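# Fold and contact review
The residues making up each chain are set out below.
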Amino acid sequence: MNKDNRTGATAFTDARVIVGDGTTVLDDAVITVQNGCITGLSQAPAGDLTGATVVSLRGKTVMPTLVNPHGHIGYMRGAACDPGCYSRENILDHLRRFVYYGISTFQCLGTDRNGIEIAIRDEQRSGTLDDPDLATFFTAGSGLVAAPGPGQASGAPFFAVDAVHQVTDPADGRAFVRELAGRKVDAVKFWIDDRGGAAAKLSPEACREIVDEAHQHGIQAAAHIYTVEDAKVALDAGADILAHMPRSPGPDQELIERLVERDTAVFTSMSVQGPTRTEWLDDPAVRETLPATAIEELRGRMQARGGEPLFDTGETYRRLQENFATLHQAGVRLVYSADTGLLAQLPGLAEHRELEALVEAGLSPLEAIEFATRRSSHLLGLTDRGTIEVGKRADLLVLDADPRADITNTRRIADVVLEGRVVDRERLRRQWRTDGE
Ligand SMILES: [Zn+2]
């Protein structure tokens, strides 16, 4: 598989295809692709393939590429997560890492510095940034937190304290969102969190102004919350997305009913809070893009936590898994979110670890894949991707092993196909090897 088939027809034959709808798997299927889109999908025999380039995928499993609607791009470099690493080059590097690991689409939620992300997104959308090996990029620009009072900390994420806008009063919140809308942000992100009592918290009035202004411009508003109380403030304000599930205490009946009734999206964001197991660092897929020194640094940092999560506690995580099951059974719209780009959430790998966390929380592998493909595409309003179906973009994650047997098989990547074009992963790997020396 090494041909560029953007214009001629290609038939990928003999493949096992996971469609991405949560249930359908086709054995011995044929996917025909032309002009970057899927033009046919059938079980063999495929009929007349005359004129098409035939590529056999015997023994492989094909699934849609992943779509991650929540992460923070540009801050990680090796094992570090630091504002000093943030640059246009590092953002582009992360967009390449996503593609390398089969993530076609990524949205950054609220940690843009100096409009660099919006500029990259605009260049990509207008075609002036002509690099096919970058994930499709969405960004919320800079998010909003409460301006800290005397003796208070910022409620912003630790690596992005000065990248976000500090809201002084409700009118200021509205004015900043109007400015963001002028730059056509893909979402508006705001943090409602006093960080355990240390930080200033956005008032309910400010939240209402922020969300209302976003809605005036047809933009979805995503609220960072960790508690039931803050989740209700977000819902009162009209937020469309909760960027996390409430942790401890878990969701009460009132919250669940409101989430279901409004069809509010709740991001899973589980792996970022998971126990610090280190075995995944030994996966060859990690070594392909990360220098050994960075891997050992991450390992040491996690071992020092003695199995406790880098963020919060194992007890909280168990509650989070229970809350996940409760919300899912109640019919709440849970949507995949890897919260990539901080702690040990390595760009491109965090996305696969989130799938693993979803399966550990009780989803079947096919359900977890649906969360990370069809559902997350739908959240971003993308109708051209998310499943392997006729008319969709030919974005394929080709695997050496079946993720139904073990969800970590999504990391056993044979090839990534974007719009029908096979990504030259070897070239990308060589680039990172050179960088690491
Ligand atoms: Zn986040």
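Residues numbered from 1 in each chain as written. Predicted model: local features only at pLDDT ≥ 70, side-chain atom pairs only at ≥ 80, totals over all residues. Heavy atoms only, no water.

Taking an unreviewed UniProt entry as the reference, the protein chain is identified by name as Imidazolonepropionase-like amidohydrolase belonging to Amycolatopsis thermoflava.

### Let's talk about the UniProt feature "domain: Amidohydrolase-related" (unreviewed entry) in the protein chain
Formally: UniProt positions are given in the numbering used here, feature names are shortened, and annotations may be inferred rather than shown by experiment. Numbering of helices and strands runs from the N terminus; a helix is a DSSP stretch of H or I covering at least four residues, while a strand is a stretch of E covering at least two.
In the UniProt entry, the feature "domain: Amidohydrolase-related" (unreviewed entry) is given for residues 61-423. For residues 61-423, the helix share is 35%, the strand share is 16%, and the end-to-end C-alpha distance is 17 Å.

### Describing the pairing of strand β18 (residues 396-399)
Spelled out, the test is: Categorising residues by exposure relies on relative accessible area from a 1.4 Å probe, with only protein chains included: less than 20% of the type maximum marks a residue as buried, more than 50% marks it as exposed, and the intermediate range marks it as partly exposed. One bridge is not enough; two strands pair if DSSP finds at least two bridges between them.
With burial as the criterion, each face of β18 is covered, one bearing Leu396 and Val398 and the other bearing Leu397 and Leu399. Pairing of β18 with strand β19 (residues 413-418) involves 4 bridges; the strand directions are antiparallel. Its bridge partner lying in β19, Leu399 is registered against Ile413.

### Brief notes about the coordination of the zinc ion
Heads up, the condition is: Water is not part of the atom set, so a site may look incomplete; the donors themselves are N, O and S atoms within 2.8 Å of the metal, or 3.2 Å for Na, K and Ca.
Looking at the zinc ion, the protein donor atoms are His70 (NE2), His72 (NE2) and Asp339 (OD), and they sit 2.1 to 2.4 Å from it. Donor residues binding the zinc ion come from one chain and are separated in sequence as H-x1-H-x266-D. With a gap of 267 residues between them, His72 in the loop between β6 (66-71) and β7 (76-77) and Asp339 in the loop between β17 (333-335) and α10 (350-360) connect regions that are remote in the sequence. Among the residues examined, Asp339 registers a relative accessible area of 5% and is labelled buried.

### Here's the deal with the packing of aromatic side chains
To keep it simple, the criterion reads: Any Phe, Tyr or Trp ring, taking Trp's six-membered ring, that has another such ring centre within 6.5 Å forms a pair; planes under 30 degrees apart are called stacked, those over 60 apart edge-to-face, and the others tilted. Two conditions define a charge located above a ring, namely a distance within 6 Å from the ring centre to NZ of Lys or CZ of Arg, and an angle within 35 degrees of the ring normal.
Counted by the stated rule, this structure contains 8 aromatic pairs. Ring geometry for Phe98 versus Phe106: centroids 4.3 Å apart, planes at 20°, classification stacked. For the ring pair Phe158 and Phe159, a centre distance of 5.1 Å and an interplane angle of 90° mean the geometry is edge-to-face. One aromatic cluster in this structure is built from Tyr75, Tyr86, Phe158 and Phe159. Looking at Arg125, its charged tip hangs above the ring of Phe138, at a distance of 5.1 Å from the centre. Its guanidinium or amino end placed over the ring of Tyr100, Arg425 lies 3.9 Å from that ring's centre, counting from NZ or CZ.

### Quick look at unusual backbone geometry
With omega at 5°, the peptide bond leading from Ser248 into Pro249 counts as cis. Structurally, Pro249 can be placed in the loop between β15 (241-242) and α6 (253-262). For Asp14, which is not a glycine, the phi torsion comes out positive at approximately 65°. Mapped onto the secondary structure, Asp14 falls in strand β1 (residues 10-18). Phi is positive for Asp28, which is not a glycine, with a value near 55°.

### Some words on the domain arrangement of the protein chain
By a widely used convention, the size of an interface equals the accessible area lost when the partners come together. To keep things clear, this is the line we draw: Note: domain ranges come from an automatic or database domain assignment. A contact between two residues is defined here by any heavy atoms of the two lying within 4.5 Å. Reported buried area values correspond to the accessible surface (1.4 Å probe) lost by two parts on association, with both partners' losses combined.
Domain boundaries assigned for the protein chain yield domain 1 (9-63 + 388-436) and domain 2 (66-379). Just the C-alpha atoms count here: the centres of domain 1 and domain 2 sit 28 Å apart. Taken together, the contact between domain 1 and domain 2 spans 28 residues of the former and 31 residues of the latter. Carbon and sulfur atoms supply 65% of the area that domain 1 and domain 2 bury against each other, a total of about 2,600 Å² over both sides.

### What about empty space enclosed by the protein?
Condition: Only protein atoms enter the 1 Å grid, on which a cavity is a set of points fitting a 1.4 Å probe that cannot get out and a pocket is an open set with protein on both sides within 12 Å along at least 5 of 7 lines, lining residues being those with an atom within 4 Å of a point. Grid points are joined across faces, edges and corners, and a volume is the space filled by probe spheres set on the points.
Throughout the structure, instances matching the rule amount to 1 cavity of 30 Å³ or more. The space that makes up the largest cavity amounts to roughly 80 Å³. Along its surface, the largest cavity is lined by 14 residues, and Ser271, Gly274, Leu310, Ala344 and Arg353 are the ones closest to its centre.

### Notes on the pairing of strand β10 (residues 136-139)
Because side chains alternate across β10, one face comprises the buried residues Thr136 and Phe138, and the other comprises Phe137 and Thr139, equally buried. Relative to β10, strand β9 (residues 103-108) is paired through 4 bridges, and the arrangement is parallel. Across the sheet, Cys108 pairs through a bridge with Thr139, a residue of β10.

### With respect to the pattern of salt bridges
A side chain of one charge can pair with a side chain of the opposite charge when the charged atoms of the two come close. The cut-off we apply is this: We define a salt bridge as a contact between a side-chain nitrogen of Lys or Arg and a carboxyl oxygen of Asp or Glu at a distance within 4 Å.
Considering all chains together, one arrives at 44 salt bridges under this definition. In this structure, Glu123 engages Arg88 in a salt bridge whose closest nitrogen and oxygen atoms are separated by 2.8 Å. With Glu123 in helix α2 (residues 116-126) and Arg88 in helix α1 (residues 88-100), this residue pair connects regions lying 35 residues apart in the sequence. Residue classification places Glu123 among the partly exposed residues on the basis of a relative accessible area of 23%. For Arg88, a relative accessible area of 30% corresponds to the partly exposed category. As a salt-bridge pair, Arg421 and Asp133 come within 2.8 Å of each other at their nearest N and O atoms. One end of the pair, Arg421, is in strand β20 (residues 421-422); the other, Asp133, is in the loop between α2 and β10, with 288 residues separating them in the sequence. Like Arg421, the residue Asp133 is buried in the burial classification. Beyond isolated ion pairs, a larger network of salt bridges with shared partners links Arg174, Arg178, Glu209, Asp212 and Glu213.

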